[in-house]
Amino acid sequence: MNRKKFITKLSLGSGAIALAPVLSGCDLEEITVFDEFTLPLQFPNLIEDANFSITATNQEYKIGNEFQVSGFQFNRSYPAPTIKSRKGNAINVQFNNEIGQDSVIHWHGLVVPPEMDGHPRNVISSGSYNYQFMINQRAGTYWYHPHPHRLTGEQVYKGLAGFFIVEDDEEASLNLPEDEFEIPLLIQDRRISSSGEIIYNPSMPEQMMTGFLGDQILINGVPTPYHNVKKGTYRLRILNGSNARIYNIAFQNETPFTVIGSDGGLLPKAVDVNSLLLAPGERSDILVDFSRFSVKTASLQSLTFELPSGGGMMNGMGNMMGSGGHEQGSGFSLMEFRIADENIDTSFTLPYRLSESTFPDLNDAETTRRISLNMQMMQGHTINGKQFEMDRVDQQVKQGSTEIWEFVNESNTPHPMHIHAVQFKVIERTGNRGLTAAETGWKDTVLVMPGETVKAIMKFDAPKGVYVFHCHNLEHEDSGMMANFEII
Ligand code: C2O
Ligand code: CU
Ligand code: CU
């Protein structure tokens, strides 16, 4: 019955203002971690209509059948319902804001007009906002979440995030695994108090360095669950909906799996890997064949990984004061697959070319923009030395033009950089990581580790107007690591 154990750990009161005396500001805090693999995986509800409403409420809901937590929900469910639509559809959503804070919805990865994109200046404090847009893009695993300035982290953390799945004819022609063989996995880490409350109180080192890391992994809202599968090929759509945590996704014994899609849909060709880094905001579409496993249970894990240049003392402090359990880069289980002794038809074959994509041509790039990512003692995270200002336009790009954006991480924390209103192709990463399997396809969020420079090429075809780009570590974003760009 009692599935939890308690860890007593240090947590930092949010009142601390300087780094040197922080240690004396630490309080003891008891947190809950559930026993692993005791609860079944659950799935979000589906919305398949083109006309619907999304109501955000401030309310209690259950985590792990046990705790009644107070948080936020979209349409009274956590995770939020999965919206499923098709390329060419016109979407009409009425958003009702009943949470008692400013909010606005952003359709992450979708290219929609500026006033439909969830720019933080379009927040509503209550009442409704009507979103209308066409789905003009490739099939893929997109998502939606709030985007009010300085409140995004809290609202996503307390429950507001869901999948937005787009289908099209090209993808349908592949006959990929569907129904019970297609599994959405929303991965989020949470800190839950011993009394069962969701804790969201980022301390200064957390804002400044690591972001807010939790000790309890929730998959589709369920603490480290299990799921029953058969011996055959499954499609997993994985979304890292965590505020700050990067996962190094792998199966037990590093059994290989096949990456078929990234943020912006199918890759040109499938790529077999043993593990895959997935930063906040990123998605990965993978195929896994459970008949290749010799074990009866196979856990999905996050393997340890190295944080280049370490992050030094401040990162160490952020980690120590923040997460008493899993530090950024440590290894742990996400969930478990229980493999039944039943074979299903695995005559499934992937074509050599998964999709036709014409990526922007290097020769067409008119401009290279350098976007430097810094941390300044008095300001915190900055982009090109500046913090976000609602009405300042930081970059102007010409509609229809092709550009190269060069993200230069001059700080000592990882930054998953996300650009609204465009899908891009990563063309280069300095250092020894190279490009990942997912980076052979379309991306809207890319991980830039400390010391790295990542170049991406993109063509701006979205409607004219002002959009944002930002770090998708939500504590970084909320503390100002965001900028406006205008398509003119
Ligand atoms: Cu998913 Cu501007 O964010
Ligand atoms: Cu976005
Ligand atoms: Cu960041």
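Just so you know, the residues in each chain are numbered from 1, in the order the chain's sequence is written. Think of it this way: whatever chain is written first is A, whatever ligand is written first is 1, and the rest follow in order. Only residues with pLDDT of at least 70 are given local features in this predicted model, and only at 80 or more are side-chain atom pairs given and counted; all residues enter the totals for whole chains, interfaces and linings. Water and hydrogen atoms were dropped before computing side-chain values, which therefore reflect all heavy atoms in the structure.

Draft legend 1. How the structure looks around the coordination of the copper ion (ligand 3). Donor atoms from the polypeptide that coordinate the copper ion (ligand 3) comprise His415 (ND1), Cys471 (SG) and His476 (ND1), at 2.0 to 2.1 Å from the metal. Water is not among the atoms examined, so metal sites may look incomplete; donors are the N, O and S atoms within 2.8 Å of the metal, or within 3.2 Å for Na, K and Ca. Mapped onto the polypeptide sequence, the residues donating to the copper ion (ligand 3) form the spacing pattern H-x55-C-x4-H. Here histidine 415, found in strand β29 (residues 415–419), pairs with cysteine 471, found in strand β33 (residues 465–471); they are 56 residues apart in sequence, far enough to count as distant. The secondary structure listing takes helices from DSSP runs of H or I that are at least 4 residues long and strands from runs of E that are at least 2 residues long, numbered from the N terminus.

Draft legend 2. Quick peek at the side chain of asparagine 243. When you line up the elements, asparagine 243 lands in the loop between β17 (233–240) and β18 (247–251). Residue burial is assigned from relative accessible area. The probe radius is 1.4 Å, only protein chains are included, and a residue is buried under 20% of its type maximum, exposed over 50%, and partly exposed in between. Residue asparagine 243 is classed as buried on the basis of its relative accessible area, which comes to 0%. Pairs of N or O atoms within 3.5 Å make up the polar contacts considered here, provided that, within protein, one atom can donate a hydrogen while the other can accept it, and that residues adjacent in sequence are counted only when both atoms are side-chain atoms. Polar side-chain contacts of asparagine 243 include one of 3.1 Å to the backbone oxygen of glycine 153.

Draft legend 3. The arrangement of the side chain of aspartate 478 in detail. Take aspartate 478: it is sitting in helix α5 (residues 474–478). We treat Lys and Arg as the positive residues and Asp and Glu as the negative residues; His and chain ends play no part in the count. Salt bridge, as applied in this entry: a Lys or Arg side-chain nitrogen positioned within 4 Å of an Asp or Glu carboxyl oxygen. Despite its burial, aspartate 478 pairs with no opposite charge, the nearest such side chain being arginine 150 at 7.1 Å. Only heavy atoms matter for contacts: two residues are in contact if any of them lie within 4.5 Å across the pair. Residue contacts for aspartate 478: discarding those within four places in its chain leaves Pro148, His149, Arg150, Leu151, Thr152, Gly153 and Glu154.

Draft legend 4. How the structure looks around the coordination of the copper ion (ligand 2). Here the copper ion (ligand 2) is held by the protein donor atoms His106 (NE2) and His418 (NE2), which lie 1.8 Å from it. One end of the pair, histidine 106, is in strand β8 (residues 105–108); the other, histidine 418, is in strand β29, with 312 residues separating them in the sequence. Given the relative accessible area of 0%, histidine 418 is considered buried.

Draft legend 5. Quick peek at the domain arrangement of the protein. For the domains described, the bounds stem from an automatic or database domain assignment. By the assigned domains, the protein splits into domain 1 (46–172), domain 2 (179–342) and domain 3 (362–487). Measuring from the centre of the C-alpha atoms in domain 1 to the corresponding centre in domain 3 gives 23 Å. Contact with domain 1, which involves 24 residues of that partner, is made by 27 residues of domain 3. Buried area counts how much accessible surface, traced with a 1.4 Å probe, disappears from two parts once they are put together, with both parts' losses summed. Buried surface at the junction of domain 1 and domain 3, both sides included, amounts to about 1,900 Å², of which 60% is carbon and sulfur. Contact with domain 3 buries surface across domain 1, with Pro114, His119 and His149 losing the most and accounting together for 25% of the total.

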